[in-house]
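# Coordinate inspection notes
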Amino acid sequence: KIIPDEGAAIKNVAGEFLSYDNYYNIFITKSDEPFEKTFCHEMMHAIDFNALNHKYDITGNWYDYNPKNFNYSIRDYRNDNMEYTTYSYDEDEVYFVDAYSKVNQDEDRARIFENVCYIDEDNIIKKYTNLLKKAKYIRDELIKYYPSLSNSEVFDSIK
């Protein structure tokens, strides 16, 4: 059983990424989310970790895709601050999938990536211009450092 430490943002996790002994491990627990969606979320964490270890700068311009003067904060998640999320009324002001995306840039990318990989009938990434821009940024940066992804179907949903 994997239990986050006391400082973790949440206690009931649907998935977890761990790196141990040069292996990347993804653990998925039962949750309301589809397995594939959770797997893609955790896969993005593994990709971020791998990129960091290889000194690949896949996040260099990430903040350019957020609202001006925005700062990630666990407080916004805990308070369910829905500003700039898909729960906003102005579609042009949507920069985050949900409040959890605003915890930090890693969770933001993971929430975007899970919605790029797992396609359902209501693809929110294509529905909101700023989310699509973030998804395309992720795609372009990953293909730059992982060129084999250029032939992958993983980004078909945002063509």
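The structure we're discussing is the one just above.
Residues numbered from 1 in each chain as written. Predicted model: local features only at pLDDT ≥ 70, side-chain atom pairs only at ≥ 80, totals over all residues. Heavy atoms only, no water.

## Considering helix H5 (residues 129-145)
End to end, H5 covers 25 Å across 17 residues, agreeing with the expected 24 Å (1.5 Å per residue, within 8%). Buried residues of H5: Asn-130, Leu-131, Leu-132, Lys-134, Ala-135, Tyr-137, Ile-138, Arg-139, Glu-141 and Leu-142, and no others. Where the residues of H5 are buried, they touch helix H1 (35-53), helix H3 (105-117) and helix H4 (124-127). (Helix = DSSP H or I, 4+ residues; strand = E, 2+ residues; numbered from the N terminus. Expected span 1.5 Å × (residues − 1). Buried < 20%, exposed > 50% of the residue type's maximum accessible area, 1.4 Å probe, protein only. Contact = heavy atoms within 4.5 Å.)

## Focus on the nonpolar core
Met-44, Ile-112, Phe-113, Ile-125 and Leu-142 are the most contacted members of the largest nonpolar core, which has 29 residues in total. Of all the secondary structure elements, the ones that give two or more residues to this core are H1, H3, H4 and H5. A total of 6 residues in this core trace back to one element, the largest contributor, which is H5. When near neighbours in sequence (up to four residues on either side) are disregarded, Leu-142 contacts Met-44, Ile-47, Ile-58, Phe-113, Pro-147, Leu-149 and Phe-155. (Core = buried A, V, L, I, M, F, W, Y, C linked by side-chain atoms within 4.5 Å.)

## Focus: unusual backbone geometry
With phi around 65 degrees, Asn-69 is a residue other than glycine that occupies positive phi space. Looking at the secondary structure, you find Asn-69 in the loop between H1 and helix H2 (74-78). The backbone of Tyr-84 shows a phi angle near 70 degrees, a positive value even though the residue is not glycine. Summarising the element assignment, Tyr-84 is placed in the loop between H2 and H3.

## A closer look at the environment of Ile-74
Among the structural elements, Ile-74 can be located in helix H2. Along the primary structure Ile-74 and Lys-102 are separated by 28 residues, whereas in three dimensions their C-alpha atoms are 7.2 Å apart.

## Structural notes on a negative patch on the surface
Together, Glu-83, Asp-90, Glu-91, Asp-92 and Glu-93 line one region of the surface with negative charge. With respect to the secondary-structure elements, Asp-92 resides in the loop between H2 and H3. Residue Asp-92 is classed as exposed on the basis of its relative accessible area of 52%. (Patch = residues over 30% accessible without salt bridge, like charges linked within 9 Å, V, L, I, M, F, W, Y side chains within 5 Å. Areas by Shrake-Rupley, 256 points an atom, 1.4 Å probe, with all protein chains shown as cover. Salt bridge = Lys/Arg side-chain N within 4 Å of Asp/Glu carboxyl O. Lys, Arg positive; Asp, Glu negative; His and termini not counted. Charge placed at Lys NZ, Arg CZ, Asp CG, Glu CD.)

## With respect to the packing of H1 against H3
Running from N to C, H1 and H3 cross one another at 135 degrees; their axes reach a closest spacing of 8 Å. In terms of orientation, H1 and H3 fall into the oblique class. With respect to the hand of their crossing, H1 and H3 are arranged in right-handed fashion. Contacts between H1 and H3 involve Lys-37, Cys-40, His-41, Met-43, Met-44, His-45, Ile-47 and Asp-48 on the former and, on the latter, Asp-106, Glu-107, Arg-109, Ala-110, Arg-111, Phe-113, Glu-114, Asn-115 and Cys-117. For the contact of H1 with H3, the residue count by class is 7 nonpolar, 3 polar and 7 charged. (Axes fitted to C-alpha atoms, helices over the stretch in contact; angles between N-to-C directions. Parallel < 35°, antiparallel > 145°, perpendicular 65-115°, else oblique. Left-handed = near helix turned anticlockwise from the far one by under 90°. Nonpolar A, V, L, I, M, F, W, Y, C, P; charged D, E, K, R; others polar.)

## Here we look at the packing of aromatic side chains
For the structure on display, the rule yields 10 aromatic pairs. Centroid distance Tyr-84 to Tyr-95: 5.9 Å. Interplanar angle 80 degrees. Geometry classified as edge-to-face. With Tyr-84 in the loop between H2 and H3 and Tyr-95 in the loop between H2 and H3, this pair connects stretches of sequence that are 11 residues apart. Across the pair, exposure class does not vary: Tyr-84 and Tyr-95 are buried alike. Relative to Phe-155, the ring of Phe-113 has its centre 6.1 Å away and its plane inclined at 65 degrees; by these criteria the two rings are edge-to-face. Here the residue Phe-113 occupies a position in helix H3, and Phe-155 occupies one in the segment after H5, the gap between them amounting to 42 residues. Taken as a pair, Phe-113 and Phe-155 share a single burial class, namely buried. Chaining the aromatic ring pairs together yields one cluster made of Tyr-63, Phe-70, Tyr-72 and Phe-96. The residue whose ring lies beneath Arg-109 is Trp-62, and the NZ or CZ to ring-centre distance is 5.4 Å. (Phe/Tyr/Trp six-rings, centres within 6.5 Å; stacked < 30°, edge-to-face > 60°. Lys NZ or Arg CZ within 6 Å of the ring centre and 35° of its normal.)

Note that all results are geometric; they support no functional claim without further evidence.
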